[in-house]
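# Remarks on the overall topology
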Amino acid sequence: IPFVESSFNYRARSKVGASGIWQFMRYTAKERMKLSASVDERNDPLRATRAAADMLKQNFKMLDTWPLAVTGYNHGPSGVRRWVRKLGTKDLTEMLSKRSRRFGFASANFFASFLAAVEVEKNASKYFGKVYWQQPQQGQTIKLSKNVSHKELVKWFDGDLEKAKDHNRHIRKAVWKGHLRIG
């Protein structure tokens, strides 16, 4: 899903306000992540991944099939549920053949794009030749007991500002500019 949503671009921002590799909208993110003046966890790949897994689990409980749950990730599960009730079927192929303008191109093609991404990832060497996988980055989550300035945070990264920013993508620009502290 992050490949379909953002091509794993950590800086992805949509024109309608979605952010991060999972492209969470603010109103959806507020239920599962911290959003404040200093922090936007939609841009923390690990935190957003946990939230997306929770969201997909909820979608599946609501919609009963993975094709609908994945489609609901893009279109919204309530919208997909209304569509199921209106058409009287949970068969995504049948639903797509009867789609209306309210169910746009992106939503209609989301599950197919997801399946294509899964196929290519599973068979990457078939499509690209020898593939070199990046090693997982090491990191840890730190719970702050007090507000911290960006200068204090940079010290934890041996004074390397770029490394601090790279490992803390959820921290907003106002913090890095010194206007706010991390709460």
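All of these numbers come straight from a predicted model, not from anything done at the bench.

### Remarks on the overall build of the protein
Counting its regular elements, the protein contains 11 helices and 0 strands. Each principal axis of the C-alpha atoms in the protein carries an extent, and together these give about 55 × 40 × 25 Å. Considering the protein as a whole, with its 183 residues, one finds that 36% of them fall into the buried category. Intrachain contacts of the protein at a sequence separation of at least 6 include 43% that bridge at least 24 residues. Summed over all atoms, the accessible surface of the protein reaches about 12,300 Å², with 52% contributed by carbon and sulfur. Positive and negative side-chain charges of the protein, numbering 35 and 16 respectively, have mean locations separated by a distance of 6 Å.

### What about the pattern of salt bridges?
A full pass over the atoms with the stated rule returns 10 salt bridges. Asp-40 is paired through a salt bridge with Arg-42; the nearest N and O atoms lie 2.8 Å apart. Each member of the pair, Asp-40 as well as Arg-42, is classed as buried. In this structure, Glu-94 engages Lys-98 in a salt bridge whose closest nitrogen and oxygen atoms are separated by 3.3 Å. Within the structure, one salt-bridge network assembled from shared partners comprises Glu-31, Arg-32 and Asp-54.

### Details of helix 4 (residues 66-75)
For helix 4, the set of buried residues is Leu-68, Ala-69, Val-70, Thr-71, Gly-72 and Tyr-73. Where the residues of helix 4 are buried, they touch helix 1 (2-6), helix 3 (45-63), helix 5 (77-87), helix 6 (92-97) and helix 7 (105-122). Capping the start of helix 4, Thr-65 holds a side-chain oxygen 3.2 Å from the backbone nitrogen of Leu-68, two or three residues further along.

### Quick word on helix 5
Where helix 5 is concerned, the buried positions are Pro-77, Gly-79, Val-80, Trp-83 and Val-84. The buried residues of helix 5 occupy an angular sector of 160° when projected down its axis, which confines them to one face. Opposite its buried face, helix 5 presents the exposed residues Arg-82, Arg-85 and Lys-86, each directed more than 90 degrees away. Where helix 5 terminates, the next one or two residues include Gly-88, which has phi positive at roughly 70°.

### Digging into the nonpolar core
Counting residues in each nonpolar core, the largest one holds 26 residues, and the members touching the most others are Ile-1, Trp-22, Phe-24, Leu-68 and Tyr-73. Secondary-structure elements contributing two or more residues to this core are helix 3, helix 4, helix 5, helix 6 and helix 7. Examining the composition of this core, we find that 6 residues originate from one element, helix 3, more than from any other. Core analysis: the second largest hydrophobic core is formed by 9 residues, Phe-157, Ala-164, Ile-171 and Trp-176 among them.

### A word on a positive patch on the surface
Taken together, the side chains of Arg-11, Arg-13, Lys-173 and Lys-177 make up a positively charged region of the molecular surface. Inspection of the secondary structure puts Arg-13 in the loop between helix 1 and helix 2 (26-29).

### Things to note about the packing of helix 4 against helix 7
Any two packed helices are characterised by how steeply their axes cross, that is the angle between the axes, and by the distance between the axes. Look at helix 4 against helix 7: their axes get within 9 Å of each other, and the N-to-C directions meet at 125°. Here helix 7 runs oblique to helix 4, going by the angle between their axes. The handedness of the crossing between helix 4 and helix 7 is right-handed. Packed against helix 4, whose contacting residues are Trp-66, Pro-67, Val-70, Thr-71, Tyr-73, Asn-74 and His-75, the element helix 7 presents Ala-106, Ser-107, Phe-110, Phe-111 and Phe-114 at the interface. A per-class count over the contact of helix 4 with helix 7 returns 8 nonpolar, 4 polar and no charged.

Each value, and the rule that gives it
Residues numbered from 1 in each chain as written. Predicted model: local features only at pLDDT ≥ 70, side-chain atom pairs only at ≥ 80, totals over all residues. Heavy atoms only, no water. Helix = DSSP H or I, 4+ residues; strand = E, 2+ residues; numbered from the N terminus. Buried < 20%, exposed > 50% of the residue type's maximum accessible area, 1.4 Å probe, protein only. Contact = heavy atoms within 4.5 Å. Areas by Shrake-Rupley, 256 points an atom, 1.4 Å probe, with all protein chains shown as cover. Lys, Arg positive; Asp, Glu negative; His and termini not counted. Charge placed at Lys NZ, Arg CZ, Asp CG, Glu CD. Salt bridge = Lys/Arg side-chain N within 4 Å of Asp/Glu carboxyl O. Polar contact = N/O pair within 3.5 Å; in protein donor to acceptor, adjacent residues only side chain to side chain. Arc of directions from axis to C-beta. Core = buried A, V, L, I, M, F, W, Y, C linked by side-chain atoms within 4.5 Å. Patch = residues over 30% accessible without salt bridge, like charges linked within 9 Å, V, L, I, M, F, W, Y side chains within 5 Å. Axes fitted to C-alpha atoms, helices over the stretch in contact; angles between N-to-C directions. Parallel < 35°, antiparallel > 145°, perpendicular 65-115°, else oblique. Left-handed = near helix turned anticlockwise from the far one by under 90°. Nonpolar A, V, L, I, M, F, W, Y, C, P; charged D, E, K, R; others polar.

Interpretation in functional terms is not warranted from these geometric data alone.
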